[in-house]
Each structure stands twice: as structure tokens, then as C-alpha cells.
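Structural characterization, general
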Amino acid sequence: MLVTNYQQYKGVLFVFGHGEGDPGCVYQKETEAEMIRRLKPHLIKWGKTLAVPVTCYPRNLYYHANDLKEYQDWIVVELHLDAARIPGKGGHVIIHQWFKPDAIDKNLITVIDQHFSLVTRTSKGLSCRKDLKNCNIAAQYGINYRLVELFFLADKQDRMYYLNHLDDIAKTIVQAISGQKDCRCVD
Ligand SMILES: [Zn+2]
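No experiment lies behind these values; they were computed from the predicted model shown. (Residues numbered from 1 in each chain as written. Predicted model: local features only at pLDDT ≥ 70, side-chain atom pairs only at ≥ 80, totals over all residues. Heavy atoms only, no water.)

1. Re the coordination of the zinc ion
Coordination of the zinc ion by the protein involves His18 (NE2), Glu32 (OE), Glu32 (OE) and His80 (ND1), with metal-donor separations of 2.0 to 2.8 Å. Coordination geometry of the zinc ion: the 4 donor atoms subtend angles of 51 to 140° at the metal centre, consistent with an arrangement described as irregular. Between the donor residues of the zinc ion, the gaps in sequence give the motif H-x13-E-x47-H. With a gap of 14 residues between them, His18 in the loop between β1 (11–16) and β2 (26–27) and Glu32 in helix α1 (residues 32–37) connect regions that are remote in the sequence. Residue His18 is classed as buried on the basis of its relative accessible area, which comes to 19%. (Donors = N, O, S within 2.8 Å, 3.2 Å for Na, K, Ca; no water. Tetrahedral: all angles 85-135°; square planar, octahedral: opposite > 155°, others 65-115°. Helix = DSSP H or I, 4+ residues; strand = E, 2+ residues; numbered from the N terminus. Buried < 20%, exposed > 50% of the residue type's maximum accessible area, 1.4 Å probe, protein only.)

If you want it as C-alpha cells, here you go:
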């Protein structure tokens, strides 16, 4: 894990993709919106355990993207699952193309690789985009923001792994942000 600058921020805002009637990608009975929110209690737990202030955005940020301006002092991590008619394998981190990946982005790429392997977009495990609403608005406000696609919802093996390892995945995501591997357990 690389050392990060998370202590310069008020904490971490986790944003869960879709919601408020928008299912995101759908595979059989599973929806991206429901599936990605399963991480929420585990992220809150590991924030407390690792002494990283964690807050979770309660709505669909895509519908309220200007709310991002309230989080200029926060690290923002928006969590999604990838969609494809023929699923690929692995995940990636998306940042605005104005920026270079920071230590948090690089640690998150390492964590995705550890659990799900990486897809190659702009480079292995990294996409640089300028066509995503929340990403663009965050860039305009100068917010420390990235969107994470963890794996492809339609990939059964990765879906089962995810459901069986929610707590460990959440732990490693919080560790990626804090840059600390050792548990400084506070309770
Ligand atoms: Zn999505």
C-alpha cells in the first residue's frame, strides 16, 4: 500500500451507483444498485475500526450531482459494477482525464486486482474519461474523486466471490484510502 494524504481531508464519502428507481445494470434478478449497496454496512464498520471517517451518500448522486460541492474537503469514491452483454473479467478505476492517478487510485487498483483482476482501458486498471457527469462535476470543483468499477455483474464467479467476501473487500477498500495495512483498531 502506498502512503496517502487522506488525513488532509474530512473523511471519505462513499457514493453507491444508481438507486432512486435507477437499477443500473441488470443481470437476471440482480441489479447493480442493490448489489453494490451490500458493501455499505461493511464500509461503515471498517471506517470505524480503522479510524477513517466514513460517510455514505444516501441518494443517487447522478440525479443530484451538484451536491458534490458540499464535499470539496472529502475524498469521494463512487462504487459501481460493470455491465456488458458479454461480461469481461476484472475491474478498474476511472478518473477525469485532467488528472493523474494519486496514491489512493493506485492502491484501489491494487485492491481490485487482488480480488477481481484488472481490465485494460486507458492503461491496466485505469480509465481516464471526460464523458461522465459526476466525474466531470467533481473535476470542476477540484474534488478528490474517482469512480470504481469492481467487476462485471454478469460474471457469476466474481459475483459469488463478492457476496462471500463483502467484509474483506470493504476492509481493503478502506485500507487503500488510508494507505495503512495494519489495523489500528479503536473498538
Ligand atoms: Zn453503474
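2. A short note on helix α2 (residues 40–49)
Burial in α2 covers these residues: Leu43, Trp46, Gly47 and Thr49. All buried residues of α2 lie within an arc of 165° about the axis, which places them on one face of the element. Residues of α2 that are exposed and point more than 90 degrees away from the buried face comprise Pro41 and Lys48. Elements that come into contact with the buried residues of α2 comprise β1, β4 (54–56), β5 (74–82) and α6 (166–178). (Arc of directions from axis to C-beta. Contact = heavy atoms within 4.5 Å.)

3. Comments concerning the environment of Ile109
In this fold, Ile109 is placed in helix α3 (residues 103–116). The spacing of Ile109 and Val148 is 39 residues in sequence and 8.8 Å in space, taken between C-alpha atoms. Among residues more than four places away in sequence, those in contact with Ile109 are Val93, Leu118, Lys124, Gly125 and Leu126.

4. As for the nonpolar core
By size, the foremost hydrophobic cluster in this structure holds 39 residues, and its most contacted members are Phe14, Leu39, Leu79, Leu150, Tyr162 and Ile173. Among the elements that line this core, the one with the most residues is α6, at 7 residues. Residues within four places of Leu39 in sequence aside, it is in contact with Phe16, Leu79, Leu150, Tyr162, Leu166, Ile169, Ala170 and Ile173. Core analysis: the second largest hydrophobic core is formed by 16 residues, Val15, Leu68, Cys135 and Leu147 among them. (Core = buried A, V, L, I, M, F, W, Y, C linked by side-chain atoms within 4.5 Å.)

5. Quick notes on the pairing of β5
Of all the 9 residues making up β5, 9 are buried; the element is thus mostly covered by neighbouring parts of the structure. In β5, alternate side chains face the same way, and those of Trp74, Val76, Glu78, His80 and Asp82 on one face and Ile75, Val77, Leu79 and Leu81 on the other are all buried. Sheet analysis places β1 next to β5, joined by 6 bridges and oriented parallel. By the bridge assignment for β5, Gly11 is matched with Trp74. Sheet topology note: the β5/strand β8 (residues 144–152) ladder contains 7 bridges and is parallel. Its bridge partner lying in β8, His80 is registered against Glu149. (Pairing = 2+ DSSP bridges.)

Geometric descriptors of this kind do not, in isolation, establish any biological role.
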